[in-house]
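Tertiary structure, described
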Amino acid sequence: MGKEITSRAADYSQWYIDLVKKADLAENSDVRGCMVIKPYGYSIWEKMQQALDKMFKDTGHVNAYFPLFVPKSLFEAEEKNAEGFAKECAIVTHYRLKNDPSQKGKLMVDPEAKLEEELVVRPTSEAIIWSTYKKWIQSYRDLPILINQWANVVRWEMRTRLFLRTAEFLWQEGHTAHATREEAIRETEQMLDVYADFAENFMALPVIKGRKSEGERFPGAVDTYCIEALMQDGKALQAGTSHFLGQNFADAFHVQFTNKEGKLEKVWGTSWGVSTRLMGALIMAHSDDDGLIIPPRLAPLHVVIVPIFKNEDELARISAKADELVKTLRAQGLSVKFDNRDTHKPGFKFAEYEMRGVPVRIAIGPRDLDNGTVEVARRDTKEKNVMTFDRVKTDIPALLDDIQKTIYDRALAFRTNLTTRVDTYAEFKTVLDGKGGFVLAHWDGTAQTEAAIKEETKATIRCIPLDAPPEEGVCVYSGKPSNKRVLFARAY
RNA sequence: CGGGGUGUAGCGUAGCCCGGUAUCGCGCUUGGUUUGGGACCAAGAGGUCGUCAGUUCGAAUCUGGCCACCCCGACCA
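A brief structural summary.

Points about the environment of Arg 277
Tracing the chain through its elements places Arg 277 in helix 8 (residues 277-286). Arg 277 gets classed as buried once you look at its relative accessible area, which sits at 14%. Sequence-wise, Arg 277 and Leu 164 are 113 residues apart; in three dimensions their C-alpha atoms are separated by 4.7 Å. In this view, Arg 277 contacts Phe 163, Leu 164, Arg 165, Leu 237, Gln 238 and Tyr 492; residues no more than four positions away in its chain are not counted. Of the polar contacts made by the side chain of Arg 277, one reaches the backbone oxygen of Leu 164; its length is 3.1 Å.

Here it is, written out as structure tokens:
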């Protein structure tokens, strides 16, 4: 592991890349645009999965798995959806290789093994899932269907960045089918709330819930809801989406049911997802120039114990105490590691665990044994305090709660400072180019204005906040009347 | 797909203009001294210089083709 990462002030993008690599989260693979998620990075993703999966199940959903490949004819059935993803689809056209007669030891695509129908590698699974739902739904008694899947998807992006945008990424996608419009909308909103809850309470990431403008809507959706977060460089990041699909996929795949009155009706749908992009959000929202800062509720390791010793005898004495602490803390439900390696000095270990964002570090040396104390360092503020042995059991769990809260409060204060209400276009541009962040401004509601602003400033409407109070005003761009402010920002 | 750039040890690099089998740092191995904030000293190991061809007595270096990757744009969870 190297010694330093680029500072945020020097080059925010480079800081992010350095951090992902030095904290051992992920690296570029031999496949263009695809990453290897390393064990430590994956363990954080697993924590996210566990928390989300429980929330999905608590709201009545079940997991299932649908195929990676989507026959082209199914994929193209919902026109807007197909059109929206067409430019970034990987396609399977053949199913066999053979020895290349012109080059010894090389393989070539067997031209005789061409598929009758090409298979699209899923960029999202609405098509394959709704073609399946058609077989499952005949009666109102078959509804609702509340299914989630954990899967990988492929979107052939031109430019990629670790976690934030990769050609293949991991995610979960919920796909639900309902008898009524109202129920489907309730589902869409419920899952948005689940995502916001997860972001705020697990990721310690304050988010703004809202609806996308027509231009930013998911292809094939009637309405797209999202949560938007602010990163430390003042750019916005979409952290999750929940779509009300109306009857678009029911239309495309002829999914109908017989209602209580014996009449045929079309099914209403939703879909919702979050991806490994959340890893990027987690990193960019909280971490500092010394490395990762992970909120305790997502940290694979809560506490690391580092012994400080000069010889085997000292290590043995410290180990006895450390083992006791490990037991105590594990009994509190915490993940604890005693790093007794004698191949690295304490200073090296301190730096290493800071880079990896372990929330709490406990150091024990001979001095502590004599005093009946330990040195406790918290990662979020870098504060160090001496604690007596008997306090560890109660004070460490309390400290972790405090760290979780501190990280959230810090992110919220940051966002509050970087959220600006503007009333003129000049001010709009000044704020974007100066302090950045979220800009709340009036918008006339037209796609033309939205596009013009994007063209001129690179800022997009992140969302129309759900909690925006009605307020009479005029569009900063066109001067036409508007009745609420929308959220603008430059985004990832 | 347009514009620019770069490929030398696991990683980061010097050398290239002006041809003579490769520099330095990190990391790695071994031994010793160290250990309360990324240790030090010594000795070692590790390279078809992206690839293919050409020029030459001789190519990391010059010429051409190819490949890969990075950056800027357009596109994007």
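Still more ground to cover, so stick around.
Observations regarding the pairing of strand 8 (residues 114-121)
Summarising the sheet, strand 4 (residues 69-71) and strand 8 pair through 3 bridges and their orientation is antiparallel. Residue pairing across strands places Pro 71 opposite Leu 119, the latter belonging to strand 8. Bridge count between strand 5 (residues 91-94) and strand 8: 3 bridges; the pairing is antiparallel. Residue pairing across strands places His 94 opposite Lys 114, the latter belonging to strand 8.

Comments concerning the packing of aromatic side chains
According to the stated counting rule, one finds 19 aromatic pairs in the structure shown. Each ring, one from Phe 66 and one from Tyr 133, has its centre 6.5 Å from the other, and the planes form 75°; the classification is edge-to-face. A residue pair is termed long-range when its members are at least 10 positions apart, and Phe 66 in the loop between strand 3 (62-63) and strand 4 and Tyr 133 in helix 5 (residues 126-136) qualify at 67 residues. Like Tyr 133, Phe 66 is buried. Ring geometry for Phe 249 and Phe 253: centres 6.5 Å apart, planes at 5°, overall stacked. Here the residue Phe 249 and the residue Phe 253 both occupy positions in helix 7 (residues 248-253), the gap between them amounting to 4 residues, near one helical turn. Among the residues examined, Phe 249 registers a relative accessible area of 1% and is labelled buried. A relative accessible area of 6% places Phe 253 in the buried class. Joined through ring pairs, the aromatic side chains of Phe 66, Trp 130, Tyr 133, Trp 136, Phe 249 and Phe 253 make up one cluster.

Definitions and cut-offs
- Residues numbered from 1 in each chain as written.
- Chains lettered and ligands numbered in written order.
- Predicted model: local features only at pLDDT ≥ 70, side-chain atom pairs only at ≥ 80, totals over all residues.
- Heavy atoms only, no water.
- Helix = DSSP H or I, 4+ residues; strand = E, 2+ residues; numbered from the N terminus.
- Buried < 20%, exposed > 50% of the residue type's maximum accessible area, 1.4 Å probe, protein only.
- Contact = heavy atoms within 4.5 Å.
- Polar contact = N/O pair within 3.5 Å; in protein donor to acceptor, adjacent residues only side chain to side chain.
- Pairing = 2+ DSSP bridges.
- Phe/Tyr/Trp six-rings, centres within 6.5 Å; stacked < 30°, edge-to-face > 60°.

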